[in-house]
Amino acid sequence: MANDSELLTHRLLMIDDNPSIHEDYRKILGGTDDTRMSAAEAALFGETTPELQRPSFQVDSALQGREGVERARQALSEGRPYSVAFVDMRMPPGWDGVETIENLWKVDPEIQVVVCSAYTDYDWLELLARLGHSDKLIVIKKPFEPIEILQSASALSRKWQNARTLKGHVESLERVVTDRTRGLEAANRQLRYLASHDALTGLPNRLLLDDRITQAIAQAKRQTHEFALLVIDLDRFKLINDSLGHRSGDELLREVAQRLKRAVRAVDTTARVGGDEFVILVDGPVTQAEALDIARRVLKSMEPSIRLLGIDVHISPSIGAAFYPRDGASVDALLARADAAMYSAKERGRNNVQCYADGMTTLTQERVVLESDLHVALQKGEFELHYQPKVDTATGRINSAEALIRWRHPQRGLVPPGEFIPVAEDCGLLDAIGEWVLSEACRQAQAWQQQGLRPLRVAVNLAPSQFRLTNLAEQIRSALAASGLAPNLLEIELTETAVMSDAEESIHILEAVSRMGVLVSVDDFGTGYSSMSYLRRFPIDKLKIDRCFVDQMTRRPEDASIVRAIISLAHSLHLKVIAEGVETPEQLKLLTELGCDQYQGYYFSRALPSAQFMQLLQQEPALSDEEAERTHSKLAGLGAA
């Protein structure tokens, strides 16, 4: 926009074939005399003070119409246009005034025009009919008064300036509106993108996937061809997410998304539908062999490790495939059957691809029903504990018992833990079930004492996720307080892998538990990755030899050597050793020779309901105080420490 000084200075163009007229214009408009307005001028221009400075003008001349139009063209190209043109009507031998004005407005439509002529061949109506712009045209007769010229120049130049200012404002507003419109359009595009894409990976989400599948169905119907859906679920992703943290889990998912995009064709759609589950729409026409080739490329793409927190992590997918139209004619049917095939791939060892077959949906539906039933099993009291004796190898008498959960389903009957524990872990119920097991085992152990049995230690398995709970010590303390059971009659069992997943944190947790007087055992020892430097620092009381070594130790010298080494290691660390899965007298004999302290397994007894276990215990002679206290918590004596 022009500044204030520019608003007071205007360029005028005089087009007249009489040179003396140009001198008159310059005298009137050139500002060679006093630049202060007289009282008459002030009254004429509507001013109240004679001190107000009148506009100043820069006057240019042209003797012919063509010359004037070219001057106007050049001034406009230089960005210094004329505000007013004074035009004579008769300028022989060239253009007359009307033709000059017509061409002038073709060059600069905004210029204001004053027709100054003693003669005219046109009346006012003819001028308007031919020129049209009545708001930009004034007619002054020669000879004119100076005040007429000054008034016309001042009024029209100010009108021209105001029009330019208004136009500038309008253009500025238009730019603002345009910019804001573009911003809104960009925001709308972003909102549409966010509504249809996964924020973490940038892949299409379920909403966009459903739309793409719907389009694929419509096209396949018209062209009578097949297409495929691949449902992909990452194997053991939860373990990586829980052990390395959600940030690492998110980084892994982003890398998986990129690998999936590189494994498929440009016409295919790769979507993330939630968690660690992805879906690939293999667009048609495609054969089963071609779709399975893409699935195998996906498997291959996941083979290289992914580095997270300095660790090379390996991830594998389980893939289920369904084909339109033979496996389903709707979006939901195709997704459900591809999902069923994916679960079949997991059941067949994971890291493979399976095509949908009849019967797979039933298995998937059964899993959904099982998960639903699990949510109400705790409320309905459908869980129960069975107890397997732990026997002293030296005396042959029951030393303690391991509490093992069972689910007495109202329709299915007794459901073994191998069938429902993985489902409970997947749907987030395992910690709540573990808390119930802890409370019920303590209650039952105290109840046996109240029924006249000798005090008996009961062992409870903790899931890795339960072990990492921040309120684990409080859970144990509450279970003991609610039941009245002495802390030294409770034993918790943890897998070697769970203890070693974060060794330093495990030390703090185990110390807090052991200080209560509760015993700690490491279960499945020999199958994990214990560090000897950590093992001697853990406040643990027992090592349990995994059944895989016990099962073969009488037939495989290597396994017998492993068992001997574990027993020797444990005793050197002042730990008791218990072998699990003992089923034959030969196994027991060898364990006794090797110095194993306790054993459990079908050779002595399977896990029994509480009433039957009580009957078994009643047949036993009472243990001496020395035998009952043979195993104790390492830190129990520190009490208040």
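To be clear, the structure that these remarks concern was listed above.
These numbers come from a predicted model, not from an experiment.

Rules behind the numbers
- Residues numbered from 1 in each chain as written.
- Predicted model: local features only at pLDDT ≥ 70, side-chain atom pairs only at ≥ 80, totals over all residues.
- Heavy atoms only, no water.
- Pairing = 2+ DSSP bridges.
- Helix = DSSP H or I, 4+ residues; strand = E, 2+ residues; numbered from the N terminus.
- Axes fitted to C-alpha atoms, helices over the stretch in contact; angles between N-to-C directions.
- Buried < 20%, exposed > 50% of the residue type's maximum accessible area, 1.4 Å probe, protein only.
- Arc of directions from axis to C-beta.
- Contact = heavy atoms within 4.5 Å.
- Core = buried A, V, L, I, M, F, W, Y, C linked by side-chain atoms within 4.5 Å.
- Parallel < 35°, antiparallel > 145°, perpendicular 65-115°, else oblique.
- Left-handed = near helix turned anticlockwise from the far one by under 90°.
- Nonpolar A, V, L, I, M, F, W, Y, C, P; charged D, E, K, R; others polar.
- Expected span 1.5 Å × (residues − 1).
- Phe/Tyr/Trp six-rings, centres within 6.5 Å; stacked < 30°, edge-to-face > 60°.
- Salt bridge = Lys/Arg side-chain N within 4 Å of Asp/Glu carboxyl O.

A. Expanded view of the sheet that holds strand β5 (residues 137–141). Taken in spatial order, the 5 strands line up as β2-β1-β3-β4-β5 in an open sheet, and their pairing is parallel. The strands lining the two open edges of the sheet, one partner per strand, are β2 (56–62) and β5. Averaged over neighbouring strand pairs, the angle between their axes works out to 20 degrees when direction is ignored. As defined by bridge partners, strand β4 (residues 112–117) adjoins β5 across 5 bridges and the pair is classed as parallel. Paired with Val114 across the two strands is Ile138, which belongs to β5.

B. How the structure looks around helix α9 (residues 237–244). Those residues of α9 that sit buried are Phe237, Ile240, Asn241 and Leu244. Down the axis of α9, the smallest arc covering the buried residues is 95 degrees, so these residues share one side.

C. Quick peek at the sheet that holds strand β12 (residues 353–355). Taken in spatial order, the 5 strands of this open sheet run β7-β8-β6-β11-β12, and their pairing is mixed. Both outer strands of the open sheet, β7 (269–274) and β12, are each paired with one neighbouring strand and no more. In this sheet, neighbouring strand axes are inclined to one another by 20 degrees on average, regardless of whether the strands run parallel or antiparallel. Pairing of strand β6 (residues 227–234) with strand β11 (residues 317–324) involves 8 bridges; the strand directions are antiparallel. Pairing of Phe227 across the sheet is with Tyr324, part of β11. Lying on the sheet, helix α10 (residues 246–263) is in contact with β6, β7 and β8 (277–282); it crosses β8 at an angle near 10 degrees.

D. A look at the nonpolar core. The biggest cluster of nonpolar side chains holds 81 residues, and the ones touching the most others in it are Leu374, Ile476, Leu490, Phe538, Ile540, Leu543 and Phe613. If you look at the next biggest cluster of nonpolar residues, it comprises 34 residues, including Ile240, Ile280, Val282 and Val313.

E. Examining the environment of Leu229 more closely. Take Leu229: it is sitting in strand β6. Excluding residues within four positions of it along the chain, Leu229 makes contact with Ile213, Val279, Ile280, Leu281, Gly320, Ala321, Ala322, Leu334, Leu335 and Ala338.

F. Here's a closer look at the pairing of strand β20 (residues 576–580). Of all 5 residues that make up β20, 4 are buried, and the element is covered over most of its length. Relative to β20, strand β19 (residues 542–545) runs parallel, the two sharing 4 bridges. From the neighbouring strand, Lys542 faces β20, where its bridge partner is Lys576. Alignment of β20 against strand β21 (residues 598–600), held across 3 bridges, turns out to be parallel. Bridge pairing in β21 places Ile578 opposite Gln598.

G. Region of interest: unusual backbone geometry. Residue Pro93 follows Pro92 across a cis peptide bond; omega there is 10 degrees. Its location among the elements puts Pro93 in the loop between β3 (84–87) and α5 (97–107). The omega torsion of the bond from Tyr324 to Pro325 falls at 5 degrees, within 30 degrees of zero and hence cis. If you trace the backbone, Pro325 turns up in the loop between β11 and α12 (331–347).

H. Just the packing of helix α4 (residues 65–77) against α5, in detail. Across the interface, α4 lies against α5 with an axial gap of 9 Å and an inter-helix angle of 15 degrees. With respect to α5, the axis of α4 lies roughly parallel. By crossing handedness, the relation of α4 to α5 is classed as right-handed. Two secondary-structure elements touch here, α4 through Gly65, Gly68, Val69, Ala72, Arg73 and Leu76 and α5 through Thr100, Asn103, Leu104 and Val107. Split by residue class, the contact of α4 with α5 holds 5 nonpolar, 4 polar and 1 charged.

I. Fine view of helix α7 (residues 146–196). In this model, α7 (51 residues) spans 74 Å end to end at C-alpha, consistent with the 75 Å of a helix rising 1.5 Å per residue. For α7, the complete set of buried residues consists of Ile149, Leu150, Ser152, Ala153, Ser154, Leu156, Ser157, Trp160, Gln161 and Ser196.

J. Just the packing of aromatic side chains, in detail. For the structure on display, the rule yields 10 aromatic pairs. Ring centres 5.3 Å apart and planes at 45 degrees place the aromatic pair Tyr25 and Phe86 in the tilted group. With a gap of 61 residues between them, Tyr25 in helix α2 (residues 19–29) and Phe86 in strand β3 connect regions that are remote in the sequence. Relative accessible area serves as the criterion here: at 1%, Tyr25 is assigned to the buried category. Note on Phe86: relative accessible area 1%, which makes it buried.

K. Here's a closer look at the pattern of salt bridges. Under the defined criterion, the tally for this structure stands at 29 salt bridges. We note a salt bridge from Glu303 to Lys300, for which the minimum N-O separation is 3.4 Å. Taking relative accessible area as the criterion, Glu303 reaches 46% and is therefore assigned partly exposed. For Lys300, a relative accessible area of 55% translates into the label exposed. Residue Arg307 is joined to Asp312 by a salt bridge in which the shortest nitrogen-to-oxygen separation is 2.7 Å. When salt bridges that share partners are traced, they join Lys390, Glu402, Glu491, Glu493, Lys542, Lys544 and Glu580 into one network.

L. The pairing of strand β1 (residues 9–15), seen in detail. With 6 of 7 residues buried, β1 lies mostly within the body of the structure. Pairing of β1 with β2 involves 7 bridges; the strand directions are parallel. Residue pairing across strands places Thr9 opposite Ser56, the latter belonging to β2. With 4 bridges joining them, β1 and β3 adopt parallel strand pairing. Looking across to β3, one finds that Met14 is bridged to Phe86.

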